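Summary of the model geometry
Letter by letter, the chains look like this.
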Amino acid sequence: MNAHAQPDSSPLGRPLDRVDGPLKVTGQARYAGEFNEGGLLYGSVVSSTIARGRVLSIDGAAAEAVPGVQLVLTHLNRPRLAADDDSYEDMDSAEGSAIRPLFNDRVLYSGQPLALVVADNLEIARHAASLVTIEYAAEAHQTDLVAALDQAHAAPAELPEPRGDAEAALLGAALSIELEYALPIEHHNPMEPHASTVLYQDDGSLLIYDKTQGPQNSQQYVQHVFLLDKEKVRILAPFVGGAFGSGLRPQYQLPLAVMAALVLKRSVRVTLTRQQMFTFGYRPRMLQRLRLGCTANGTLQAITHDAFAQTSRFEDFTEHVVEWSGMLYHCDNVRLGYQMVPLDVFTPLDMRAPGATEGVFALECAMDELACAAAIDPLQLRLLNFADTNQNEGKPYSSKELRACYAQGAERFGWDRRSMEPRSMRDGHQLVGWGMATGVWEAMQNPASARAALAADGTLTVSSATTDIGTGTYTVMTQIAAAAMGLPVEQVEFKLGDSSLPTAPLQGGSFTVSSVGTAVQQACTALQGKLFEVAQRLPQSPFAGAVLEQVEFVDGQLRLRESPETALAIAEVLAASGPLEAQADAKPDEKRDKFATATHSAVFVEVKVDEALGSIQVSRVVSAIAAGRVVNPKMARNQILGGVVWGIGMALQEETQIDHNLGRYMNHSLAEYHIPVNADIHDIEVIFVEENDDVVNALGSKGVGEIGIVGVASAVANAIYHATGKRIRELPITLDKLL
Amino acid sequence: MSATSLREGRSDPAAHSISLVLNGQPRQLDVLPWTTVLDLLREQLDLTGSKKGCDHGQCGACTVLLDGKRVNACLTLAVMLDGRDLTTIEGLANGDQLHPLQEAFVRHDAFQCGYCTPGQICSAVGLAREGRAQSRDEISELMSGNLCRCGAYNNILDAIEEALPATRGEGGA
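Given the structure is predicted, the values throughout are model-derived calculations rather than measurements. (Residues numbered from 1 in each chain as written. Chains lettered and ligands numbered in written order. Predicted model: local features only at pLDDT ≥ 70, side-chain atom pairs only at ≥ 80, totals over all residues.)

Scanning chain A from terminus to terminus reveals 15 helices and 33 strands. Its C-alpha radius of gyration of 27 Å places chain A within 12% of the 27 Å reference for a compact globule of 739 residues. With the C-alpha coordinates of chain A rotated into their principal frame, the extents come out at 80 × 75 × 50 Å. (Helix = DSSP H or I, 4+ residues; strand = E, 2+ residues; numbered from the N terminus. Rg over C-alpha atoms; globule rule 2.2 N^0.38 Å.)

Here it is, written out as structure tokens:
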């Protein structure tokens, strides 16, 4: 799996079972809305039914009259809230003014929370909430991206400067194509709805179980919005039932639950309904225009890529959509553009591989169309235009084993047996199509801290305020710590999901292993230094004349690298010293600055399309991934499988539809917002190609949460073209579009 | 919280007294007619292993075994439990000894976030008892009422395929 030299006993690279697995399969893992205590109150949210306007009145009398109702909270009786934009900012803020729940009478989007009914139990709260009546002064709204394109403005994003002269190069190109792709709104829909349980403590402080990807993000938000002292707010998130970006920003159930708890001085839980899971962030609807020009033999000469994405009227949400078109292939004439279209909707939100999922979809479909136009094999076209450097940044890659992805993926898939012509392969009444695409994602690292503590009994506890949203963070950090300290994994515990732990960035962007893993490793190294100091001072210490660099930590011992028989058990050192701990604050190494860092993939897809019915089955996927060292292949594979499933959902099923007359979603349920079910998913093979990288971080590991989805939807769309001869440039590709 | 602390249990004239076997233990409960099995479990009995993903019978996260048959706890009223046998995810393991399906789910990494997992496992236990699934495709079809947003379906299938014979051998639940 990796070529880094490791002792055989090292847990790095081993397919360990999830350390939290037994808790999850027995129902003992508790999520944010599952911490109960006597007297806990339940909040039910009343949402706006108009997309824009003002609240004239809220009549909560009927709700208040229901026995068991404790409070009907609105903008009129809420507690004091901060009144400046800065206080509502968070670690994943968009440009502008974040929404302020129950702040005033303005209605900015359909589904906006306007009241919270708090009662002794869930049923009473829900029933009473249905009795609240709201009178509005509705204003004309616009929720349709296409209808508002003329109101687009430049996105507040730093795009790469244009290079060369794309317009001239397009004119001079032997072959050029111009295409437009449309993507719908998608919602994250983690299985666990967003929930916050605020436990009101005797001293007035708040212990909050929140569904979040960053406990410290929620902590700071509550502290600032409610003008509280830092020590009055602690956020816990031991388990998160999926997030995919939906927990990157504090969602409104958190401030609503806190408001009620502060007003009533009681513990309160607010859990959103599945319908309300459609009333905050999402992947934005987007139009993309691409023009590609190439020589007769397929060498790219020009790329222009313009994206038009919806945003809210109060924030400009930007992501890296078009940048990929300036880096994935070698091309000297590139111009990129990115426009925002403000609508009467909530602000979009990062969703699994934000930006790349959309931008690479368009680029990789366009590359397939260019390959067809030039009569070149789609894989050959990619190899022909392979980029050894990132031209956006003018830097070489720290590692880029994408060629190995192409080669190994194609071989496993059997790509060389593909016929060029569309509609040329068939299996009975089903048309068979083979398509491929490239995927790319940034390999980022953020500052992070971790603490490592050895107890007297030799158990190691390592902690950082990150989360495990299904990513395997508990397990992978345990492995990294065990490897660093030379201890068996059974002797190591990793703690996360607590805002009081050492600082961690948001769990997102595929940078957790890179950021927190590095901090874990460095905390263990610092702890080794302390152990060594104690060991040196022991009577007749075998290490008296040694320096730390000569010592290795293996099998629960400190020992000299050159003479391993000179060893001392960590337990013996601890017997002399008592418990020891060390903290590390890790930062990206400066040597990264000279390089571009990215993960890559090659995705190969087989579809079967029923010729008469138009029904589409993704019968086979091979995803070959270059992501540096894989710390736990079992969990990394699962991440890629999940990404592929997401890509299939994006290609064929997922779309949140708006009734623009009402400015409101129509299919806000899991019955009508379709995600893949078990029977929709068939063979998926994951290959991790060997990729050595000593620049990206000391672990050589790049992260795999995002790369699995990138490119998949394009490979599916390209395969559907190959099967049917029909180019569908608007997702999802439902059967009606093929008939 | 124990059942005896239920507010409605003592004071509400609408409450119904029911007897059931819950995870092998006989229980007497007072429940209100509008309370679902899912809310009873999660909010009143502190059995939070059964998950609420949609509350509309659309996701399967709340799947429990009622007289050995898999049902959506969110679509079943608590009063319907009278005289019945209810098994939840908390009742599958035998002490520290995991159920073969629970073991297989861990070994095959058949989940990520874990939120759909109790429902998947209970559903698979029910599936084994139904005796219908003979092939991998049939398992896949008959497990399609249990959504997994993390997309761990292939691993879920691997786990169930492996553990189905042992699960059938023990007579279902």
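There's more to say after this.
A few words on the interface of chain B and chain A. Each side of the interface is counted separately: chain B has 50 residues, and chain A has 47 residues. Those elements that place two or more of their residues in the side of chain B that touches chain A are α2 (37–44), α3 (100–107), α4 (117–130), α5 (136–142) and α6 (153–169) of chain B. Examining the composition of the side of chain B that touches chain A, we find that 5 residues originate from one element, α6(B), more than from any other. Residue composition of the side of chain B that touches chain A, by class: 23 nonpolar, 17 polar and 10 charged. (Contact = placed C-beta atoms within 7 Å. Nonpolar A, V, L, I, M, F, W, Y, C, P; charged D, E, K, R; others polar.)

This part is about the domain arrangement of chain B. All names here are of chain B. What the domain assignment lists for chain B is domain 1 (3–91) and domain 2 (100–169). A C-alpha centroid distance of 23 Å is found between domain 1 and domain 2. Contacts between the two partners involve 15 residues from domain 1 and, on the opposite side, 13 residues from domain 2. Among the elements of the structure, β3 (63–66) and β4 (69–72) are those that each provide at least two residues to the side of domain 1 that touches domain 2. Ranked by residues supplied to the side of domain 1 that touches domain 2, first place goes to β3 with 3 residues. (Domains from an automatic or database assignment.)

The residue A:Thr525 is located in helix α12 (residues 512–537) in this model. Overall, the presence of 17 C-beta atoms within 10 Å leaves A:Thr525 in the partly exposed class. (Buried ≥ 20, exposed ≤ 12 C-beta atoms within 10 Å, placed from the backbone.)

What follows deals with the nonpolar core. Of all hydrophobic cores here, the largest spans 295 residues; its most connected members are A:Val117, A:Val118, A:Ala260, A:Ala481, A:Ile625 and A:Val716. Sequence-distant contacts of A:Ala481, defined by excluding residues within four places in its chain, comprise A:Ala452, A:Leu460, A:Val462, A:Val492, A:Phe494, A:Val520 and A:Cys524. (Core = buried A, V, L, I, M, F, W, Y, C linked by C-beta atoms within 7 Å.)

Residue and element names in this part refer to chain A. Within the fold, tyrosine 397 resides in the loop between β19 (395–396) and α10 (402–413). On the neighbour-count criterion, tyrosine 397 (22 C-beta atoms within 10 Å) is buried. Expressed as a C-alpha distance, the spacing of tyrosine 397 and alanine 596, which sit 199 residues apart in the sequence, is 4.6 Å.

Right, let's talk about the confidence of the model for chain A for a bit. Of the residues in chain A, 99% have a pLDDT of 70 or more, and the chain-wide mean is 97. Segment residues 1–5 of chain A: pLDDT under 50, and 13 contacts once partners within four positions in sequence are set aside and those in other chains are kept. (pLDDT = per-residue confidence, 0-100.)

What follows deals with the UniProt feature "domain: Aldehyde oxidase/xanthine dehydrogenase a/b hammerhead" (unreviewed entry) in chain A. UniProt's entry tags residues 26–140 of chain A with the feature "domain: Aldehyde oxidase/xanthine dehydrogenase a/b hammerhead" (unreviewed entry), counted in the numbering of this structure. Each end of residues 26–140 of chain A is marked by a C-alpha atom, and these two atoms are 51 Å apart; helix forms 14% of the span and strand 31%. (UniProt positions renumbered as here; feature names shortened; annotations may be inferred.)

Attention shifts here to the sheet that holds strand β20 (residues 425–427) of chain A. All names here are of chain A. The sheet built from 5 strands is open, its strands ordered β20-β21-β29-β30-β33 with mixed pairing. Looking along the sheet, the strands with just one partner apiece sit at the ends: β20 and β33 (683–688). Recorded for the sheet is a direction-independent mean angle of 25° between the axes of neighbouring strands. As defined by bridge partners, strand β30 (residues 616–626) adjoins β33 across 6 bridges and the pair is classed as parallel. Across the sheet, valine 621 pairs through a bridge with isoleucine 684, a residue of β33. (Pairing = 2+ DSSP bridges. Axes fitted to C-alpha atoms, helices over the stretch in contact; angles between N-to-C directions.)

Now for the domain arrangement of chain A. All names here are of chain A. We note that the domain assignment places domain 1 (21–28 + 446–587), domain 2 (32–140 + 189–278) and domain 3 (379–442 + 593–737) within chain A. On a C-alpha basis, the centroid separation for the pair domain 2 and domain 3 is 37 Å. In this complex, domain 2 contributes 6 residues to the contact, which on the side of domain 3 involves 9 residues. Of the residues belonging to the side of domain 2 that touches domain 3, the class tally is 2 nonpolar, 3 polar and 1 charged.

Here we take up the sheet that holds strand β7 (residues 133–138) of chain A. Residue and element names in this part refer to chain A. Spatially, 3 strands are ordered β5-β2-β7 in an open sheet, and the strand pairing comes out antiparallel. Looking at strand neighbours, the two that pair on one side only are β5 (106–107) and β7, the edges of this open sheet. Where strand β2 (residues 53–59) lies against β5, 2 bridges are found, and the strand directions are antiparallel. Along β5, the bridge assignment pairs glycine 53 with valine 107.

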